[in-house]
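Below, each chain spelled out in residue letters.
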Amino acid sequence: MKILHITTSYLPTMAGAEFVVKNLYEKQRSSGHDVKLLVPFTFYRLSDKKNIYSMPPYLGKLAFNFPKIASYYSYIYLLLLRKFFKFDVVHCHFIYPTGLYVIKLLKKHKIKAIVTPHGVDIQKYNLDSNKINGINENIYIPEIQNISKSFNKIIALSNDMENCLINTYSIDKNKIIKIPNGVECENFNLIKNSKKSSKKIILTVGRNHPKKGFDLIPLIIQYLLKNKIDNFHWVLIGGGCSK
């Protein structure tokens with residue numbers, strides 16, 4: 001099968017979605033599929049120029065500030081790409097703005113397509129704000145609903161994302177497939193700790209971003225201590241934008 005992945009962000013940018021795309025891309029290629037990756041507007045040099053494509057970097061600023069204008073250039077580029085790589089399926093990562101870049105192609109050429117939102121493009125983590133992904137929700141919600149119509153299926157990475165798609169964006173539940181992020185077990189080795197501790201160890205691993213809920217940890221600890229539960233040691237692993 002010929003598969004084209006399209007994402008707004010890829011390595012060396014370090015975040016969850018970038019690794020999800022990388023692992024999918026590499027796993028599908030190792031399984032015998034013909035897979036290409038398009039990062040439409042990036043400021044970085046990409047490692048595999050034969051299979052990973054990008055548009056001219058100077059369009060990057062245009063893409064982020066004027067995504068609807070950038071979608072025109074993306075459409076032209078995708079038409080040219082399709083001349084020598086006739087992909088059977090398009091897998092978009094992030095409904096917005098990536099989905100916006102391909103909807104014209106999908107509508108005109110009836111190509112099978114799926115999309116995976118990765119959280120920031122659909123979830124509101126600041127309940128006091130009227131913005132989602134930096135855009136007023138009264139404009140953003142109809143935009144997401146319109147873009148979603150062009151895709152055959154939408155992948156939800158969690159129950160929370162599935163509920164968000166249904167309740168916030170009124171996406172038909174039958175259009176949603178729930179597939180959690182995979183884990184490469186071979187990358188993890190169990191290390192036996194010779195030092196025994198009488199305390200329970202709580203481990204939290206993740207990027208310190210407001211939507212991850214790290215700010216709730218002090219409140220949780222206060223609650224535990226208030227209820228005389230102090231036999232624990234809490235370990236946090238991960239950096240991020242909020243330290």
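Cut-offs applied
Residues numbered from 1 in each chain as written. Predicted model: local features only at pLDDT ≥ 70, side-chain atom pairs only at ≥ 80, totals over all residues. Heavy atoms only, no water. Helix = DSSP H or I, 4+ residues; strand = E, 2+ residues; numbered from the N terminus. Contact = heavy atoms within 4.5 Å. Areas by Shrake-Rupley, 256 points an atom, 1.4 Å probe, with all protein chains shown as cover. Pairing = 2+ DSSP bridges. pLDDT = per-residue confidence, 0-100. Phe/Tyr/Trp six-rings, centres within 6.5 Å; stacked < 30°, edge-to-face > 60°. Lys NZ or Arg CZ within 6 Å of the ring centre and 35° of its normal. Axes fitted to C-alpha atoms, helices over the stretch in contact; angles between N-to-C directions. Parallel < 35°, antiparallel > 145°, perpendicular 65-115°, else oblique. Left-handed = near helix turned anticlockwise from the far one by under 90°. Nonpolar A, V, L, I, M, F, W, Y, C, P; charged D, E, K, R; others polar. Buried < 20%, exposed > 50% of the residue type's maximum accessible area, 1.4 Å probe, protein only. Patch = residues over 30% accessible without salt bridge, like charges linked within 9 Å, V, L, I, M, F, W, Y side chains within 5 Å. Salt bridge = Lys/Arg side-chain N within 4 Å of Asp/Glu carboxyl O.

This brings us to the overall build of the protein. On a plain count of helices and strands, the protein comes out with seven helices and 11 strands. The contacts of the protein with a sequence gap of at least 6 include a subset with a gap of at least 24, amounting to 63%. As displayed, the protein offers around 15,200 Å² of accessible surface, 56% of which is attributable to carbon and sulfur atoms.

When strand β4 (residues 89-93) meets strand β5 (residues 112-116), the two strands line up parallel, connected through five bridges. Residue pairing across strands places Cys 92 opposite Val 115, the latter belonging to β5. Direction of pairing for β5 relative to strand β8 (residues 153-156): parallel, over a ladder of two bridges. Within β8, the position partnered with Ile 114 by the bridge is Lys 153.

Let us look at the confidence of the model for the protein. Averaged over every residue, the pLDDT of the protein is 85; residues scoring 70 or more account for 90%. Mean pLDDT values over the elements of the protein span from 64, in helix α2 (residues 60-65), up to 97, in β8.

Here the focus is the packing of aromatic side chains. Across all of its chains, the model carries four aromatic pairs by this definition. Between Tyr 72 and Tyr 73 the ring centres are 5.6 Å apart and the planes differ by 75°, which places this aromatic pair in the edge-to-face class. For Lys 36, the ring lying beneath its charged end belongs to Phe 85, and the centroid distance is 5.5 Å. Of note, Arg 82 hangs over the ring of Phe 87, and the distance from its end group to the ring centre comes to 5.1 Å.

Two elements in contact, helix α4 (residues 95-109) and helix α5 (residues 137-148), have axes separated by 10 Å at closest approach and are oriented at 45°. The angle between the axes of α4 and α5 places the two elements in the oblique class. For α4 against α5, the interelement crossing comes out left-handed. Only Tyr 140, Glu 143, Ile 144, Ile 147 and Ser 148 of α5 make contact with α4, whose side of the interface consists of Ile 95, Tyr 96, Gly 99, Leu 100 and Ile 103. Taken together, the residues that form the contact of α4 with α5 break down as seven nonpolar, two polar and one charged.

Here Ser 150 is to be found in the loop between α5 and β8. Take Ser 150: its relative accessible area is 15%, and that puts it in the buried class. With residues up to four places along the chain from it excluded, the contact list for Ser 150 reads Ile 103, Leu 106 and Lys 107.

Turning our attention to a nonpolar patch on the surface. A cluster of nonpolar side chains, contributed by Phe 66, Ile 69, Tyr 72, Tyr 73, Ile 76 and Leu 80, occupies part of the molecular surface with about 590 Å² of accessible area. Along the chain, Tyr 72 falls in helix α3 (residues 67-84). For Tyr 72, a relative accessible area of 46% puts it in the partly exposed group.

Following the sequence through the fold, Lys 86 ends up in the loop between α3 and β4. For the pair formed by Lys 86 and Lys 2, sequence separation is 84 residues and the distance between their alpha carbons is 7.1 Å.

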